[in-house]
Amino acid sequence: MQLTRRMKRMAAPSRVTLPLNRSLMKMGERIAVAVSGGADSTALLLALKEEAAVLGIGLSAAHLHHGIRDAEADADLKFLRDLCTRLDIPLHVDHIDVPAQATANGETIEEAARHARLAFFDRLVEQGIVHSVATAHTQDDQAETVIMKLIRGAWTEGLGGISPVMERAFGKLIRPLLPASRQDVLAFLKSRNQTWCEDSTNASTAYTRNRVRGTLMPLLKEFNPSIGATLSATAELAREEHARWQPEIARLLQQLAMPGKPVRGGGRAVATSPEEQGVAFELERLRALDLPTRRRLIRAAVERMGARLGAAETLRILLLAGLAPPETPPDPTVPTKPNSRLQLAHGVRAERSVRELRLVRVGDGISAR
C-alpha cells in the first residue's frame, strides 16, 4: 500500500543561521551528509553548502533507499536528486531491501535499517569517497534518546545519548546539528523558503521514539519548557563522566585481569579453542575496590570480549561472586557458593571458584558450552 507523502513550505522571514558544531569538520575533509529528505537532514545539507567554502570541506550527500514505503520513498529520492542538482552537490545512492534483511537476520525493521545505513556509510569511507559522514541528529533527538535510555534503565554512559562523534572501523560519523533544536531547524528552512519531505511513518505509534516524541516530550515540556536543552546538557555530563572513567578502568584491567584459569602446579591455562575468550579476577582484589569500580571493571572485561552487560546481569555476577552490596535481596536464580557458574546472554558465562571470578564468552554468542 502506498503511503501518503506531504511536502512542507513555510513563508520566509528574515535570514537566520543554524547552530552547528563546526569543530567536528576539518579543513580538507570530504564529508557526506546523510539525507532522508526530512527537515533535519535538508537543513544540515543547506547549512553546510553555505559554509563549505569557509570550512574548507568537500561536500556530498548520501541516501539509502530502504525498500520501505513504496512510492513515498521513491518520491523522497526524487526530491533529493532535484535538491542536490540545484545545489550542485553529488548524491551517493544505494538501495537495500531492509524488510528482507530484517527477516534474514532476525532483527526488527528499525535494527535492520540502522545496520544497513551504517554499512552504507562505511562503504563510502572504505572506498575513499569521503572521510566522514554527517548525520542530522538534533537536540530534540538527543533529548528523546536520553528519555528512552532512562526508561530502559541505562548506565551512565548510556545517558550520554548520541555522541557528537562516532568512531567507525573505516572512519567516523559526526553530528554537527546536535546544538540545534527542531525549532531552530524549522526557522532556518523557513528563512530559506525551503521545502522538505514528511515521512508518514513518523506519525505511527508503533515506534517507541514516535510515542516519546508525540506524547511524553510535550508532557515534560509542561514541567520544563527547556527540557530539550536540559536533557542534552545531562547527556554531555554523562559522556564526560564516562570519558573520565575510561583510563582508570583500562589501567585496572591491565593490572587485575588474568588470562585463563589456574592449573595444578602453578601457572594458568588459556583456552585452547579460538572461539572461547576468558578473563579472571582474584576475588579479594575485587573486594578491595569500591562498588562503582567493580561494576565498571566487570562490564569493561565483558565488552572486550565483544558483548555487553546490563545492570541486572552485572548485579547477578556480583551476587555470584559475593561482591554485591549487603542490602541486595537474594536472587534464587543465582548460586552463591564456590565452584558455581552463571549463564548470561550473548554466550557470556560467569564462574566462581574459591579464589577467583572468571568471565568467559564462547563463540559468536549464539551458543555456549
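Along each chain, numbering runs from 1 in the same order as the chain's sequence is written. Totals for whole chains, interfaces and linings use all residues, but because this is a predicted model, local features are given only for residues with pLDDT of at least 70 and pairs of side-chain atoms are given and counted only at 80 or more. Note: side-chain values were computed over all heavy atoms of the structure, leaving out hydrogens and water.

(A) Local environment of the pattern of salt bridges. Take a side-chain nitrogen of Lys or Arg and a carboxyl oxygen of Asp or Glu: if they are within 4 Å of each other, that pair is a salt bridge. As enumerated under the stated definition, the model contains 23 salt bridges in all. Its salt-bridge partner being Glu-144, residue Arg-209 comes within 3.2 Å of it at the nearest N-O pair. Of this pair, Arg-209 sits in helix H7 (residues 208-223) while Glu-144 is found in helix H5 (residues 139-152), placing the two residues 65 residues apart along the sequence. Only protein chains enter the calculation, and the probe is 1.4 Å; a residue is then buried if its accessible area is under 20% of its type maximum, exposed if over 50%, and partly exposed in between. Among the residues examined, Glu-144 registers a relative accessible area of 5% and is labelled buried. With a closest N to O distance of 3.3 Å, Glu-303 and Arg-308 form a salt bridge. In this structure, a network of salt bridges that share partners links the residues Arg-69, Glu-72, Asp-76 and Asp-199. Elements are defined by DSSP. Helices are runs of H or I of four residues or more, strands are runs of E of two residues or more, and each kind is numbered from the N terminus.

(B) Looking closely at the environment of Met-25. With respect to the helices, strands and loops of the structure, Met-25 is situated in the loop between strand E1 (6-8) and strand E2 (30-34). Residue classification places Met-25 among the buried positions, given a relative accessible area of 6%. A contact between two residues is defined here by any heavy atoms of the two lying within 4.5 Å. Ignoring any residue separated from it by four or fewer positions in sequence, one finds Met-25 in contact with Ile-31, Leu-48, Leu-55, Ile-57, Ile-174 and Pro-176.

(C) Quick look at the confidence of the model for the chain. The quantity called pLDDT is the predictor's confidence in a given residue, expressed from 0 to 100. Looking at the chain as a whole, its pLDDT mean stands at 89, while 91% of the residues score no less than 70. Of all the helices and strands in the chain, E1 carries the lowest mean pLDDT, 50, while E2 carries the highest, 98. Across residues 365-369, where pLDDT falls below 50, the model places 11 contacts with residues more than four positions away in sequence or in other chains.

(D) Spatial organisation of helix H11 (residues 311-321). Those residues of H11 lying buried are Glu-313, Thr-314, Ile-317, Leu-318, Leu-319, Leu-320 and Ala-321. Looking at the buried side of H11, the elements it contacts are helix H9 (283-287), helix H10 (291-303), strand E13 (340-343), strand E14 (348-352) and strand E15 (356-362). Immediately downstream of H11, the backbone of Gly-322 shows phi near 75°, a positive value.

(E) Main features of the nonpolar core. Residues belong to a common nonpolar core when they are buried Ala, Val, Leu, Ile, Met, Phe, Trp, Tyr or Cys residues joined through side-chain atoms within 4.5 Å. One finds Leu-18, Val-33, Leu-44, Leu-45, Leu-48 and Leu-177 to be the most contacted residues of the largest nonpolar core, which totals 35 residues. Elements represented by at least two residues in this core include exactly E2, helix H1 (39-55), strand E3 (58-65), helix H2 (70-87), helix H6 (182-192) and strand E8 (196-198). Looking at this core element by element, the count peaks at 9 residues for H1. When neighbours within four sequence positions are excluded, Val-33 is seen to be in contact with Ser-41, Leu-44, Leu-45, Leu-48, Leu-59, Ser-60, Ala-61, Ala-62 and Ala-134.

(F) Region of interest: the packing of H5 against H7. The axes used here are C-alpha line fits, helices contributing only the stretch in contact, and every angle between their N-to-C directions lies in the interval 0 to 180 degrees. Put simply, H5 and H7 touch, their axes get as near as 10 Å, and they point 100° apart. Considering their axes alone, H5 and H7 lie roughly perpendicular with respect to each other. In contact with Asp-140, Asp-141, Ala-143, Glu-144, Thr-145, Ile-147, Met-148, Ile-151 and Arg-152 of H5, H7 contributes Thr-208, Arg-209, Val-212, Arg-213, Leu-216, Met-217, Leu-220 and Lys-221. Here the term charged refers only to Asp, Glu, Lys and Arg, the term nonpolar to Ala, Val, Leu, Ile, Met, Phe, Trp, Tyr, Cys and Pro, and the term polar to all other amino acids, Gly among them. Partitioning the contact of H5 with H7 into residue classes produces 8 nonpolar, 2 polar and 7 charged. These descriptions rest on fixed angle ranges, namely under 35 degrees for roughly parallel, over 145 for roughly antiparallel, 65 to 115 for roughly perpendicular, and the rest for oblique.

(G) How the structure looks around the packing of aromatic side chains. Between 30 and 60 degrees the pair is tilted, below 30 it is stacked and above 60 it is edge-to-face, where a pair is any two Phe, Tyr or Trp rings, Trp via its six-membered ring, whose centres lie within 6.5 Å. With the rule as written, the count across this model stands at 1 aromatic pair. Measuring from centroid to centroid gives 5.9 Å for Phe-120 and Phe-121, while their planes differ by 40°, and the two rings are tilted. Just as Phe-120 is buried, Phe-121 falls in that class too.

(H) Layout of the sheet that holds strand E5 (residues 132-134). With mixed pairing, the 6 strands of this open sheet are ordered in space as E4-E3-E2-E5-E7-E6. Two strands in the sheet have a free side with no partner beyond their single neighbour: strand E4 (91-95) and strand E6 (165-167). Adjacent strand axes in the sheet meet at a mean angle of 25° when their direction is disregarded. Packing against the sheet, helix H4 (residues 109-126) makes contact with E2, E3, E4, E5, E6 and strand E7 (172-174), and its axis sits at approximately 145° to E3. Strands are labelled as partners when DSSP assigns at least two bridges between them.

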